[in-house]
There are 2 protein chains.
Amino acid sequence: MKHDVSPDTIPPRGHEAKRASIMDAAGEVFCRESFAGANIDMIAAEAGVSRQTIYNHHGDKEKLFVAIVRDLTERCNAGIFATISTFPDQPKNLEADLIAFAVRMNRNCICNRDGKFLRKLIQTEGERYPELFAEWREQGPGRTWPAIAARFARLAHAGFLDIEDPDVAARQFLALANAELQTTFMLGGTPTNDEVLQSATHGVRTFLRAFGKGQPAADAQKHSALAGG
Amino acid sequence: MKHDVSPDTIPPRGHEAKRASIMDAAGEVFCRESFAGANIDMIAAEAGVSRQTIYNHHGDKEKLFVAIVRDLTERCNAGIFATISTFPDQPKNLEADLIAFAVRMNRNCICNRDGKFLRKLIQTEGERYPELFAEWREQGPGRTWPAIAARFARLAHAGFLDIEDPDVAARQFLALANAELQTTFMLGGTPTNDEVLQSATHGVRTFLRAFGKGQPAADAQKHSALAGG
DNA sequence: AGAAATTTAGACACTCTTGTCTAATTCGTC
DNA sequence: GACGAATTAGACAAGAGTGTCTAAATTTCT
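Residues numbered from 1 in each chain as written. Chains lettered and ligands numbered in written order. Predicted model: local features only at pLDDT ≥ 70, side-chain atom pairs only at ≥ 80, totals over all residues. Heavy atoms only, no water.

(A) Just the packing of aromatic side chains, in detail. Residue and element names in this part refer to chain A. Considering all chains together, one arrives at 24 aromatic pairs over all chains under this definition. Considering the side-chain rings of Phe30 and Phe65, the 5.2 Å spacing of their centres and the 85 degrees angle between planes classify their relative orientation as edge-to-face. Separated by 35 residues along the polypeptide, Phe30 in helix H1 (residues 13-37) and Phe65 in helix H4 (residues 61-84) bring together distant segments of the chain. For Phe30, a relative accessible area of 1% gives the class buried. (Phe/Tyr/Trp six-rings, centres within 6.5 Å; stacked < 30°, edge-to-face > 60°. Helix = DSSP H or I, 4+ residues; strand = E, 2+ residues; numbered from the N terminus. Buried < 20%, exposed > 50% of the residue type's maximum accessible area, 1.4 Å probe, protein only.)

(B) Inspection of the nonpolar core at higher detail. One finds Leu98(A), Phe152(A), Leu161(A), Phe207(A), Phe152(B), Leu161(B) and Phe207(B) to be the most contacted residues of the largest nonpolar core, which totals 74 residues. It is helix H5 (residues 94-110) of chain B that contributes the most residues to this core, nine residues altogether. Here Leu161(B) is in contact with Leu94(B), Phe152(B), Leu155(B), Ala156(B), Phe207(B), Leu208(B), Phe211(B), Gly212(B) and Lys213(B), once residues within four sequence places are set aside. (Core = buried A, V, L, I, M, F, W, Y, C linked by side-chain atoms within 4.5 Å. Contact = heavy atoms within 4.5 Å.)

(C) Expanded view of the relation of the copies chain B and chain A. You can overlay chain B on chain A at an RMSD of 0.1 Å; the transform is a turn of 180 degrees with a shift of 0.0 Å along its axis. The relationship between the two copies is best expressed as a two-fold rotation axis. The rotation axis passes nearest to the C-alpha of Ala210(B) in chain B, at a distance of 2.0 Å. (Least-squares fit on C-alpha atoms with pLDDT ≥ 70 in both.)

(D) Broad picture of the layout of surface pockets. Taken as a whole, the largest pocket holds about 230 Å³ of empty space. Looking at the largest pocket, the residues that line it are Glu180(A), Leu181(A), Thr183(A), Thr184(A), Glu195(A), Gln198(A), Ser199(A), Arg137(B), Pro141(B), Gly142(B), Trp145(B) and Arg171(B). Elements that contribute at least two residues to the lining of the largest pocket include exactly helix H10 (182-186) and helix H11 (193-211) of chain A together with helix H8 (141-157) of chain B. Classifying every residue of the lining of the largest pocket by side-chain character gives three nonpolar, five polar and four charged. (1 Å grid on protein atoms, 1.4 Å probe; cavity = no way out; pocket = protein on both sides within 12 Å on 5 of 7 lines; lining within 4 Å. Points joined across faces, edges and corners; volume = space filled by probe spheres on them. Nonpolar A, V, L, I, M, F, W, Y, C, P; charged D, E, K, R; others polar.)

(E) The arrangement of the packing of H4(A) against helix H5 (residues 94-110) of chain A in detail. All names here are of chain A. Between H4 and H5, the least distance of the axes is 9 Å, while the angle of their chain directions is 165 degrees. Relative to H5, the element H4 lies roughly antiparallel. Crossing angle aside, the handedness with which H4 passes H5 is right-handed. Across the interface between the two elements, Gly79, Ile80, Thr83 and Ile84 of H4 pack against Phe101, Arg104, Met105, Asn108 and Cys109 of H5. (Axes fitted to C-alpha atoms, helices over the stretch in contact; angles between N-to-C directions. Parallel < 35°, antiparallel > 145°, perpendicular 65-115°, else oblique. Left-handed = near helix turned anticlockwise from the far one by under 90°.)

(F) Seen up close, the interface of chain B and chain A. Listed as interface residues are 39 residues of chain B and, on the opposing side, 39 residues of chain A. Taken together, the links from chain B to chain A amount to 10 salt bridges. The salt bridge partner of Glu180(B) is Arg171(A), with a shortest N-O separation of 3.9 Å. The interface formed by chain B and chain A holds 15 residue pairs in polar contact (both at pLDDT 80 or more) in total. If you list the elements that add at least two residues to the side of chain B that touches chain A, you get helix H1 (15-37), helix H6 (113-125), helix H7 (130-139), H8, helix H9 (166-177), helix H10 (182-186) and helix H11 (193-211) of chain B. (Salt bridge = Lys/Arg side-chain N within 4 Å of Asp/Glu carboxyl O. Polar contact = N/O pair within 3.5 Å; in protein donor to acceptor, adjacent residues only side chain to side chain.)

(G) Structural context of the protein's contact with DNA strand C. Near DNA strand C there are 18 residues, and of these Asn39(A), Gln52(A), Lys18(B), Arg51(B) and Thr53(B) occur at the shortest range. At a separation of 3.3 Å, a phosphate oxygen of DNA strand C approaches a polar side-chain atom of Asn39(A). Lys18(B) places a side-chain nitrogen or oxygen 3.0 Å from a phosphate oxygen of DNA strand C. Elements with a minimum of two residues in the surface near DNA strand C: helix H3 (51-58) of chain A together with H1 and helix H3 (51-58) of chain B. Per-element accounting of the surface near DNA strand C gives the leading share, five residues, to H3(B). Taken together, the residues of the surface near DNA strand C break down into five nonpolar, eight polar and five charged. (Near = heavy atom within 4 Å.)

(H) Just the UniProt feature "DNA-binding region" (unreviewed entry) in chain A, in detail. Look at the UniProt record and you will see "DNA-binding region" (unreviewed entry) annotated at residues 39-58 of chain A. From the first C-alpha to the last, residues 39-58 of chain A spans 14 Å; its make-up is 80% helix and 0% strand. (UniProt positions renumbered as here; feature names shortened; annotations may be inferred.)

Below, the structure written as structure tokens:
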């Protein structure tokens, strides 16, 4: 625990713990109560800190809110890119691998705490903070969707899929994987593992009926072996 | 989209006109500001009515909110069922007819004022009024989805489609038709006609790649002609 | 026109929330 | 143990919003 602590710049450890606790609690409360419905006392109580500490850390309610959204966007993006990196570029069993990928995407990025909170905050307050959520749009969907599309393009190029427009296919893949979870999402619920698996399975099957090829494996794997570097 | 809610300058005349104006304005404001963020004065001003009149009509803020949600649910359901009744049971051009149906669904039920407001209110306040939104769930998706599924089942039975589980297919149809509108919906925007058409076209094409049959038309239309009353 | 009902503006008490301030206390470090 | 920074509880003023009340004005019905 001994880094060279210059007392002005680097705050002590308890400080950071409290900061994190505030972020956690604020996300929870803003998400549950909406910005207007949330109050600082509630957040303070849930974070286990005094109200004044929140003002010390973040200045005011609005700055706190902005910090939360930025934080969530960042963490969600990290999760999405981490998950994208597990995309099955050289699938052994295309259906099974895509289903597993879809499940990972859902569990790690969409159904988890951060994903749920960010989604709710965007839906609830998006219109009130245009520039903040424009930023999310650029950093989030604007970057992740093309990344997924690129993976599908590669899979198509390797002969596993028959796709004309990878961007469209990527969006449809996600839409299909979530098709059966929409109502639950709407009401703020968290689908069970079973529901996620079901939806992903049905979604991927339909996706492959639309974009799959008969027997791509043998030929295609040569291609992808060359292409992948 | 003719809601003649002229603001403060021209107050609506008559008891019923005022009631309607209040409902309109309250939907607008609750949707824009969330329940906690909305205030009665704002609604009164937007409705062109005095604050007291709102209290006379609805008792308190919460009762007003509940009335709004009930009203929106009812109107949306009516719209959805009306649109479902235009489902192409005996399509001339399956792709074109399904695209047109998807566009109607979007424009009349999902992108229109009521659809947008109801969606937003459910997302924003769903967790706070479990019984109210459980009611929506039963009356809304609980009734409309099976109705759409039944139409797809009929279409499959008539030989136009190759569907195992009509319920799954129906949900996937809707998910595909909206696949490219998700981000816009998230931020509370209204997609342009062009975007709706694009998304529907791509969605239906993929849907038909998955569930379509080669050349069902000739044979199938006999079937459906016999089956149809 | 007259009576009944509705609507209106404004004032009002009450509650809740924000953000500040202060003085006491705790925490981490030396 | 001592020092300084961070945290705490509590009080506080200022502002906003709810829901009630009243008396006057307006509309609607007869």
